[in-house]
Amino acid sequence: MNDTFGITPITDGILSYRMTGEQPLEGTTAIVTGASAGIGEQTARVLAADGAAVVLAARRERRLEDLADELESAHDTTAVAVPTDVTEEREVESLVEETVETFGGVDVLVNNAGTARGSDVTDLETDEYRTMMETNVDGVFFATRAALPSLIERDGHLVFVGSFAGQYPRPFNPVYAATKWAVRGFALSVEASVGPEGVAVTVVNPSEVRTEFGSEEGEPFEERFEPGEVTEPEEVAEAIGFAVRQDGSTLSEIDVYRRDKLGFF
Ligand SMILES: NC(=O)c1ccc[n+]([C@@H]2O[C@H](COP(=O)([O-])OP(=O)(O)OC[C@H]3O[C@@H](n4cnc5c(N)ncnc54)[C@H](OP(=O)(O)O)[C@@H]3O)[C@@H](O)[C@H]2O)c1
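First things first, this report covers the structure right here in the doc. (Residues numbered from 1 in each chain as written. Predicted model: local features only at pLDDT ≥ 70, side-chain atom pairs only at ≥ 80, totals over all residues. Heavy atoms only, no water.)

1. As for the site of the ligand
Phase 1 of the analysis: Residues in close proximity to the ligand total 30 residues, the closest being Ser36, Arg59, Asn112, Tyr176 and Thr211.
Phase 2 of the analysis: Contact distances for the ligand include 2.7 Å between an oxygen atom and a side-chain N or O atom of arginine 59.
Phase 3 of the analysis: Looking at side-chain class alone, the shell around the ligand contains twelve nonpolar, twelve polar and six charged residues. (Near = heavy atom within 4 Å. Polar contact = N/O pair within 3.5 Å; in protein donor to acceptor, adjacent residues only side chain to side chain. Nonpolar A, V, L, I, M, F, W, Y, C, P; charged D, E, K, R; others polar.)

Structure (structure tokens):
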């Protein structure tokens, strides 16, 4: 593809600036929650390729360590695994404290860890309700609260992985939807509150993505959907990377939908 108009083309999903070896996030530190799989794992790859030191948080330690090794071998950067359950306030605080002690601060927090359980309200168990609320809402609050002082100090970037389900009503899993409406409401109001202090805030809203998501209900999305049918985690990760790369970003929200999503329920 020719760069006829001086616009950098996208080639095979890889932004061509990467071919020049440019590392726009060099010298920055990013925490990614839910980095052991799916969107978070791919986001860690994108941010490390851009030169960020990455702090990988989730519960499955072995996966995080394998990913950290892979990223350090592939890129001229540092990657550390910090096993964290985002529903545990103290663990999330330690995650941020360890990051600040090791790297001096936090430039990017990607609030990505999330889960879905059950579907209809009438059949939803209370513990399924609590798991969704504690992971998708409490976890996001704990991480944001802990990282904000450093993000403000460093003119950092807060990214929230929202959802189509947090933007439009739909006829299944209203509690999961409610958690994502909460994430967006929180994120946009945090933007209103700390935007003037130099923190960029972006909510990235995917529709269905082919990841392990849904595995608690027996069928992960990566098996339910064929390649090409819905969004791939790499595409969402690229959207997150794009947002984080903007200096003084005003990208409040990015929607990454399957092509037929607006006509499909
Ligand atoms: N896939 C979709 O269709 C879709 C659509 C819209 C939005 N989203 C959102 O995208 C985000 C990522 O989902 P995904 O599709 O990448 O799903 P995934 O493949 O199932 O990955 C979920 C990640 O969250 C982590 N996680 C779950 N509970 C956690 C906890 N208590 N503490 C720490 N980490 C936890 C998991 O790690 P461990 O199990 O190792 O802890 C895993 O790394 C979620 O917020 C989800 O709601 C997904």
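We are not done yet, so read on.
2. Overview of a negative patch on the surface
Phase 1 of the analysis: Negative charge collects at one region of the surface, where Glu61, Glu65, Asp69 and Glu72 lie side by side.
Phase 2 of the analysis: Considering the arrangement of structural elements, one finds glutamate 61 in helix H2 (residues 61-74).
Phase 3 of the analysis: With relative accessibility at 39%, the residue glutamate 61 sits in the partly exposed group. (Patch = residues over 30% accessible without salt bridge, like charges linked within 9 Å, V, L, I, M, F, W, Y side chains within 5 Å. Areas by Shrake-Rupley, 256 points an atom, 1.4 Å probe, with all protein chains shown as cover. Salt bridge = Lys/Arg side-chain N within 4 Å of Asp/Glu carboxyl O. Lys, Arg positive; Asp, Glu negative; His and termini not counted. Charge placed at Lys NZ, Arg CZ, Asp CG, Glu CD. Helix = DSSP H or I, 4+ residues; strand = E, 2+ residues; numbered from the N terminus. Buried < 20%, exposed > 50% of the residue type's maximum accessible area, 1.4 Å probe, protein only.)

3. Section: unusual backbone geometry
Phase 1 of the analysis: The phi angle at aspartate 155 is positive, at roughly 50°, despite the residue not being glycine.
Phase 2 of the analysis: Residue placement: aspartate 155 occurs in the loop between helix H4 (126-153) and strand S7 (157-161).
Phase 3 of the analysis: Given the relative accessible area of 55%, aspartate 155 is considered exposed.
Phase 4 of the analysis: Positive phi values are uncommon outside glycine, yet asparagine 173 reaches one of about 45°.
Phase 5 of the analysis: Relative to the assigned elements, asparagine 173 resides in the loop between S7 and helix H5 (174-194).

4. Some remarks on the sheet that holds strand S4 (residues 53-58)
Phase 1 of the analysis: Spatially, seven strands are ordered S5-S4-S3-S6-S7-S8-S9 in an open sheet, and the strand pairing comes out parallel. Strands with a single pairing partner mark the edges of an open sheet, and in this sheet they are strand S5 (79-83) and strand S9 (253-256). The mean angle between the axes of side-by-side strands here comes to 15°, regardless of whether they run parallel or antiparallel.
Phase 2 of the analysis: Pairing analysis gives five bridges linking S7 to strand S8 (residues 200-206), with the strands arranged parallel. Bridging across to S8, phenylalanine 160 finds its partner in valine 203. (Pairing = 2+ DSSP bridges. Axes fitted to C-alpha atoms, helices over the stretch in contact; angles between N-to-C directions.)

5. Examining the pattern of salt bridges
Phase 1 of the analysis: Across all of its chains, the model carries 19 salt bridges by this definition.
Phase 2 of the analysis: We note a salt bridge from glutamate 208 to lysine 261, for which the minimum N-O separation is 3.1 Å. Here lysine 261 lies in the segment after S9 and glutamate 208 lies in the loop between S8 and helix H6 (221-224), a separation of 53 residues in the sequence. Just as glutamate 208 is buried, lysine 261 falls in that class too.
Phase 3 of the analysis: The closest approach of N and O atoms between aspartate 260 and arginine 258, which form a salt bridge, is 2.7 Å.
Phase 4 of the analysis: The exposure class of aspartate 260 is partly exposed, given its relative accessible area of 38%.
Phase 5 of the analysis: Judged by relative accessible area, arginine 258 falls into the buried class, the value being 8%.
Phase 6 of the analysis: One connected set of salt bridges, linked through shared partners, spans Glu89, Arg90, Glu93, Glu97 and Arg145.

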